[in-house]
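The primary structure of each chain is shown beneath.
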Amino acid sequence: MAGFEGGFMDLLTRIEEYNMPHCWQYEIRLNNLKEDLEISNLTEEYVSNLRVSDFDFSIAKTKKEELHIRNFIERHEWLGKACGFSKYYFQAHHKGILSGVVIMGIPNAFNYLLGKDNRNLEILINRGACISWSPQNLASSLLSYSIKWMAKNTNYRLFTSYSDPLAKELGTIYQACNFYYLGNNYGAKKKYVQPYNANMVSDRWFRTRCAYKNYAIDLGIEWGDDWLGKGRKVEWAKVPQDVENKLRAYSKRMQKEAAFIELPTKHKYAYVLGANKRETRDLRKLFETLNVIYPYPKNR
């Protein structure tokens, strides 16, 4: 772990010393309650009577809304940082107060849970949190709303997520929503220190557009305006071969030299939902044929 300080290291230290019976994110909820009530100008008596029906659910439609959701994650989610590969942002409001969020994005890796031909049906639930005074079932209700919206309005049909034993997570919300449980041997076993701002990242970061543009600066390479294709990804066919070789070699070197920490594997959950009952039935049958489904874990 030598070679980086603060941020994630502070988080790891707090978690190593954490001895509560509940998960780390619930502890954040308890610690934020008093200040959240003051900021929202609400009382404990008032919020104790709130029900899910008192909240409005929606998908963010503007960059400003997405920024508010990302800021919300920084305060209320245990990792304290929104994922860099986020694509869809869902929100719950009570009288205009942002009260819960769910963020979905492209998975770090595909496991072909519906077969290789259906890999594009998968999307990752990569962040989620609720304000401390929200009713207990707001999180599961917002998650269900988000999945139904996605099945109705996009081509995604497989919704995957992880629960991290590092923070004493079991996946209680996913269990409440009747997700499939796929076991506890998933997720990156290493996290790297991103060399340009010291954030913690997976190995995938070293092969992103952002990384390659930084490498080009380091190597004195002038970045071509036409090197980016669909989705703002690097279109290597347009990059001169010698330049591509230098960038790829530098990428491998940067990952090899980066400081890292080893992490425990994670619980993995999955939910399958089609655009209609027939599609849902057929996809779930396929999923159950291709995967081993385990009983829900109960002990942290």
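Sequence order as written defines the numbering, with residues in each chain counted from 1. For this predicted model, a pLDDT threshold of at least 70 governs which residues receive local features, and a threshold of 80 or more governs which side-chain atom pairs are given and counted, while totals over whole chains, interfaces and linings are taken from all residues. Computation of side-chain values covers all heavy atoms of the structure but excludes hydrogens and water.

Trainee: Mind showing me how you'd approach the nonpolar core here?
Mentor: Nonpolar side chains in soluble globular proteins tend to end up buried together. Here the nonpolar core consists of buried residues drawn from Ala, Val, Leu, Ile, Met, Phe, Trp, Tyr and Cys, with membership extended through side-chain atoms lying within 4.5 Å. Think of it in three bands: residues with accessible area under 20% of the maximum for their type are buried, residues over 50% are exposed, and the middle band is partly exposed, with areas taken using a 1.4 Å probe on protein chains only. Met104, Ile125, Ile147, Phe159 and Phe179 are the most contacted members of the largest nonpolar core, which has 41 residues in total. For this core, the secondary-structure elements that each account for two or more residues are α4 (63-76), β2 (86-94), β3 (97-105), β4 (122-130), α5 (138-153) and β10 (267-272). For helices the rule is a DSSP run of H or I covering at least 4 residues; for strands it is a run of E covering at least 2, with both sets numbered from the N terminus onward. Of all the elements, α5 adds the most residues to this core, at seven residues. Apart from residues lying up to four places away in sequence, Phe159 is in contact with Met104, Ile123, Ile125, Ile147, Met150, Ala151, Phe179, Tyr269, Ala270, Tyr271 and Leu273. Core analysis: the next-biggest nonpolar cluster, separate from the first, contains 20 residues, Phe206, Tyr215, Val234 and Ala258 among them. Residues are treated as being in contact if the distance between any of their heavy atoms lies within 4.5 Å.

Trainee: What's the story with the sheet that holds strand β7 (residues 190-193) in this structure? I'm lost.
Mentor: Note on sheets: strands pair through backbone hydrogen bonds, and any given pair is parallel or antiparallel. Strands are labelled as partners when DSSP assigns at least two bridges between them. Spatial strand order, β8-β7-β9: three strands in an open sheet with antiparallel pairing. With partners counted over all chains shown, the strands left at the sheet margins are β8 (200-201) and β9 (260-262), one partner each. Two elements, β7 and β8, share two bridges in a ladder whose sense is antiparallel. Its bridge partner lying in β8, Tyr192 is registered against Val201.

Trainee: What am I meant to see in unusual backbone geometry here?
Mentor: Among all residues except glycine, the phi angle is most often negative; among peptide bonds, the trans geometry is most common. With a phi angle near 60 degrees, Lys168 is a residue other than glycine that sits in the positive phi range. If you trace the backbone, Lys168 turns up in the loop between β5 (158-163) and α6 (172-176). For Asn178, which is not a glycine, the phi torsion comes out positive at approximately 65 degrees. Relative to the helices and strands, Asn178 resides in the loop between α6 and β6 (180-181). Among the residues examined, Asn178 registers a relative accessible area of 61% and is labelled exposed.

Trainee: Is there a simple way to think about the sheet that holds strand β1 (residues 56-59) in this case?
Mentor: Strands sit in the order β1-β2-β3-β4-β5-β10-β6 across an open sheet of seven strands; the sheet is mixed. Every other strand in the sheet has two partners, leaving β1 and β6 as the edge strands with one partner each. Bridge count between β1 and β2: four bridges; the pairing is antiparallel. Within the sheet, the bridge partner assigned to Phe57 lies in β2 and is Ala92. For helices, the axis comes from a line fit to the C-alpha atoms of the stretch in contact; other axes are also lines fit to C-alpha atoms, and the angle between any two N-to-C directions lies between 0 and 180 degrees. Strand contacts of α4: β2, β3 and β4, with the helix running at about 95 degrees to β3, the strand carrying the most contacts. With respect to the sheet, helix α9 (residues 277-290) is in contact with β5, β6 and β10, its orientation differing from that of β10 by roughly 150 degrees.

Trainee: Looking at this model, I keep getting lost on the state of the cysteines. Mind explaining?
Mentor: One covalent bond between the sulfur atoms of two cysteine residues makes up a disulfide. Note on disulfides: each one is a pair of cysteine sulfur atoms within 2.5 Å. Taken as a whole and judged by the stated rule, the model has zero disulfides. In this model Cys177 remains outside any disulfide bridge; the closest cysteine sulfur is found in Cys130, 11 Å from its own.

Trainee: Can you walk me through the pairing of β3 in this structure?
Mentor: If a strand is regular, its side chains alternate between the two faces of the sheet. Counting buried positions along β3 gives eight out of nine residues, so the element sits mostly inside the fold. When β2 meets β3, the two strands line up antiparallel, connected through eight bridges. Within β3, the position partnered with Tyr89 by the bridge is Ile103. Between β2 and β3, which pair antiparallel in sequence order, lie two residues; one of them, Lys95, sits at a positive phi of approximately 50 degrees. Sheet topology note: the β3/β4 ladder contains six bridges and is antiparallel. Its bridge partner being in β4, Val101 is matched across the sheet by Ala129.

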